[in-house]
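If you want the building blocks of each chain, they are given just below.
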Amino acid sequence: MAKNTDEEEHQLIEKIAKTLNEVRESNATHNRKLKELSSLRSKANSSSSFPQFFSAFCKTLIPLFDFSRRVASAERIVRFVSAFVARHASDSDAFFEEFVRFLLAATAAANKTARFRACQIVSEIIMRLPDDAEVSSEIWDEVIECLKIRVGDKVPQIRSYAVRALSRFATDCENTDVLDLFLEVLPLEQNAEVRKTILLSLPPLNATSQAIIDCTMDVSESVRKTAYYVLADKFPLQSLSIKHRTVILQRGLADRSVAVSKQCLKLMKDEWLAKCCNGDPVELLKYLDVETYESVGESVMGALLEAGLIHISDDESIQQYISSTSDRNEDTGNFTPSIQLIEAEVALYWRMVCGNLQTEAQAKGSDAAATMGTEAAVYAAEASKNNDLLERILPSTITDYMELVKAHINAGPNYRFASRQLLLLGAILDFSDLTNRKVASAFLMELLHKPFDHEEDDEGNMVVLGDGINLGGDREWADAVSGLARKVHSAAGEFEEVILGVIEELARPCRERTANFMQWMHCLAVVGLLLENAKSFRWIQGKAIEPTELLQSLLLPAAKHVHLDVQRIAIRCLGLFGLLEKKPSKEVVLQLRLSFVKGPSLISTMSCKALNDLAMWHNPHEVDRALGQDLSSELQDSEVASSPVTVSDTDESLNTKLIDLLYAGIGKDDWGDILASDENESVQAVLGEGFAKILLLSENYSSISTSLHPLLLSKLINLYFSDETKNLLRLKQCLSVFFEHYPALSANHKKYLSKAFIPVMRSMWPGIDGNAGGSPSFVSSMRKRAVQASRFMLQMMQLPLFTKENETEGEIGCREPSEIEDGALEDPLECGEEGLAIRIAVEVAGFPTKNTAAERAFISALLRVLVLLQFRSSEQGAIQLMRRLLNCIAGSVPTDKDLVKELKRMADLLKAADRHPDQELSQDQANLIFGRLELDFNLDLTGPVETLKTPAPSSIRPTRARRRVRRQEESSDEESSPTSISNVPDTVSRRAERASKTAALTKMTTNRGFKIDEEDDDEEEGSEVTSEESADESC
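Residues numbered from 1 in each chain as written. Predicted model: local features only at pLDDT ≥ 70, side-chain atom pairs only at ≥ 80, totals over all residues. Heavy atoms only, no water.

Asker: Could you clarify how one ought to interpret the packing of helix 12 (residues 221-234) against helix 14 (residues 258-276) in this entry?
Answerer: Two quantities define a packed helix pair, namely the angle between the helix axes and the distance between the axes. Running from N to C, helix 12 and helix 14 point in directions that differ by 5 degrees, and their axes come no closer than 9 Å. The angle between helix 12 and helix 14 falls in the class roughly parallel. Contacts from Glu-221, Arg-224, Lys-225, Tyr-228, Tyr-229, Leu-231 and Ala-232 in helix 12 reach Ala-259, Val-260, Gln-263, Cys-264, Leu-267 and Glu-271 in helix 14. Residue classes in the contact of helix 12 with helix 14 are distributed as eight nonpolar, one polar and four charged. (Axes fitted to C-alpha atoms, helices over the stretch in contact; angles between N-to-C directions. Helix = DSSP H or I, 4+ residues; strand = E, 2+ residues; numbered from the N terminus. Parallel < 35°, antiparallel > 145°, perpendicular 65-115°, else oblique. Contact = heavy atoms within 4.5 Å. Nonpolar A, V, L, I, M, F, W, Y, C, P; charged D, E, K, R; others polar.)

Asker: Quick question: what am I supposed to make of the confidence of the model for the protein here?
Answerer: Caution is warranted with low-pLDDT regions, since their predicted coordinates should not be read in detail. Averaged over the protein, the pLDDT score is 83; the fraction of residues at 70 or greater is 82%. The low-confidence segment residues 952-1024 (pLDDT under 50) makes 65 contacts with residues lying over four places distant or belonging to another chain. Overall, residues 1027-1035 carries pLDDT values under 50, and its contacts beyond four positions in sequence, including any with other chains, amount to 22 contacts. (pLDDT = per-residue confidence, 0-100.)

Asker: Any chance you could explain the nonpolar core here in plain terms?
Answerer: Judged by nonpolar contacts, the single largest core of 297 residues is most densely connected at Phe-57, Phe-99, Leu-866 and Met-882. Top element by residues in this core is helix 24 (residues 517-533). It accounts for 12 residues. In this view, Met-882 contacts Ala-837, Ile-838, Ala-841, Leu-866, Phe-871, Met-906 and Leu-910; residues no more than four positions away in its chain are not counted. (Core = buried A, V, L, I, M, F, W, Y, C linked by side-chain atoms within 4.5 Å. Buried < 20%, exposed > 50% of the residue type's maximum accessible area, 1.4 Å probe, protein only.)

Asker: What's the story with the environment of Trp-350 in this structure? I'm lost.
Answerer: Secondary-structure assignment places Trp-350 in helix 17 (residues 344-370). What makes Trp-350 buried here is its relative accessible area of 4%. For Trp-350 and Ile-318, which are 32 residues apart along the polypeptide, the C-alpha to C-alpha distance reads 7.4 Å. The residues touching Trp-350, leaving out its near neighbours within four places in the chain, are Ile-312, Glu-316, Ser-317, Ile-318, Tyr-321, Ile-393 and Leu-425.

Asker: Would you mind going over the packing of aromatic side chains with me for this structure?
Answerer: What the rule picks out here adds up to 25 aromatic pairs. Ring plane angle 70 degrees and centroid distance 5.9 Å describe the contact between Phe-84 and Phe-95, whose orientation is recorded as edge-to-face. Placement of the pair is Phe-84 in helix 4 (residues 72-87) and Phe-95 in helix 5 (residues 95-107), with a sequence separation of 11 residues. There is no split in this pair, since Phe-84 and Phe-95 are both buried. Taking the centre distance of 5.5 Å and the plane angle of 75 degrees together, the rings of Phe-721 and Phe-792 count as edge-to-face. With Phe-721 in helix 33 (residues 708-721) and Phe-792 in helix 36 (residues 776-797), this pair connects stretches of sequence that are 71 residues apart. (Phe/Tyr/Trp six-rings, centres within 6.5 Å; stacked < 30°, edge-to-face > 60°.)

Here is the structure:
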């Protein structure tokens, strides 16, 4: 009976194998073979028991689980098997459930090919199952639990198929385990294809929208493209918030990949514009809140115009908002047009359309002028067509245009955005006619004389609305007004003459001291508009009010006004005034210095900005010369740390160079809180950004002593890693870009960075140089921050230099011999890693033998950086010197086996790199290297160069070990302990052979007071750098 069963099973296996061999050739036979295999299964079940077909089917598939290659034939078999199993999912027998369990067992196999095929087939089966398939909940629970484990598999293809299989369960509202798993692993997934699969598997829910939008910033182009595809396929426009809509379009349209930007354009065009907005671009803009996200609206309109998706009908124009039926004024006999107010989206739409038509018309006109014949005629016809369309859209007269803008301005703040868009349209209009200029000039006078909007608080005090600096209360409005003014008054010097005439009128009550603070601010806002847009200082001379009079009677008194808002805008105007001057005047520099030193945080910040701008524009030396004094720099002296400049001391600050004063300001702690009006604005942030620009462009400021560069760099690194500046996002962004480019621009920059390394570490390490300690957790976090800063500086030192395109062979030939090795340019010693290594070694050697816990941790942190530095074979003097220095610091090395091993490895590498190991390093050679590095260190060159030895394998003292052995012998002769009797003679003999090393280790461990108890003796010293246990001693 058993023999017949085996024969029947063997026949079944042959028939099934024959079927699989046929279906792997082509997909065309799958439907017919599915029927044949189903018929074979029915016959097998009717003539024998169910397990026979199931066993034969599984045995036939086993070779597939060992076939790792993903060829077309294997994929056809997988699809066929999956279709067959899914077809019988609702049958009364247990074939489906047993086969799924067979696959689930294979997903846990040790062989990655078996796991891959099992997950692949399970995924195909689940995706092919109909929605009404009757499958027990128990089998689904087993599938979900097993696949959730496979989502964490080490093979990306397995993870991908596991996610694909689980995607049908991600929409379960009652159980969100699968969805939570997807959202958890998506930001952590390293493989781009797996991230794509997860994205495609996420359902359209509020919980998933943010995760999908975050993937639009993915590093992989394909993942970003998939994210936009999923957003287009699953998320209608109305289901997303305004913030999400704008973020999606802002990122997609500006993406560096053409494929991604096209996918985003397809999303906007086919889904949002066509389906949700019926092809109306204005309706799309309404969904984007262009008043808040104007730049996004401009990008959308630009993309639609470039794609040719904007079609203007004959009845559409701006003129339709100016009624043709007008009311006649009985007194003047003129017609006053009736204005229909324009919505913000419509105003932006017409501004972008008109700007695009003008640009195209100018481009086609230029092409027509540059060509001849038929081609020129075609270009000219296109330019004429665009000009005609533009003329039909714009208001017919300048008067109508001015009335349209006035109506929106008078409509109140709700139409301010539309008013500004209409003002920007003025750059397209033609003001060559004298009458038109007069009308526009009168309108400009109204705009310039319009004061700040304000309201009264509960106490009846006036409060200015807006930023309180620019005309109209915001920078965009001031730019629109200045743009229109320059268009109307385009002749040389005409713009400046008109604005100065307005200033002269507004300044009268200010000079007579009858103006309130609102009148002061309005007048200064117009002054700022002039100084920002004036092309040259000579254009404001000889006009209604002279520059000297403007400075003496308006700007300087305003800087001393009792109202802080008046002082702030006056300081800004003083800075702009100084930028226009050929050389900064004494009055400007003096007032800015006084405001920086004596003013509150609000005024000091604005003064700091002005001083930074003057220093970068005129050169710091020129700014100092404006005071007419021979100022001496304190920072050039070595005693800068002991005698710093006092910012609050007015007399001392006036006798100090500008860079010294600003340097003292960056270290001042009592500047006050960050401004409430701008969370990224503070004195330290402004100074940090200014110093970063100066250091980056240091070649342009030769008057700044090179000794200042390491000090400034140290301050910037401390600012970057300080917890106090973590909320200054603008400063963080500025410094991150600065540190990325600074060391790669010049070898000298690396020299300054090398000189700043030790001071930065000392200033950040708790418990040394007077740095405060604290609780163990605080000290530990401070040490970790310092270690992070050290690794950060090391990475900057190892950045390659940018290649200068204009560097000639002659310049290369002028380099020192140490800079050229095998034809390749190399940095000098003081600019390379060798110089930093010698600095670190000298710093470690300078510590006394008996150290505190903080000093030991500091030495350990320095040495961990030292072992990461590389020496070039061309620097033989540095290699020999470093070998000597390693001997000097041997007594200061902490008892950390791993660290000592790294030092020994470094010593071995240096020994191998030494081309002349028999030649001794002379004292003159050592002093020469120390001199180049500006180090003062007496190195003892007597005695041979010894090799560092690895410490003993155990820190157990011999005496304690013998006592333990005696206790063990007395307690039991049969039991063994972690410190066995047989190990003692071996340890003692090894230490007898290395008596000097034993004595040194014993002395070091005795001084450090290490406790030997029941703890593990092999505990790493890595915790000595950041451990909380040793922090108590450093407090």
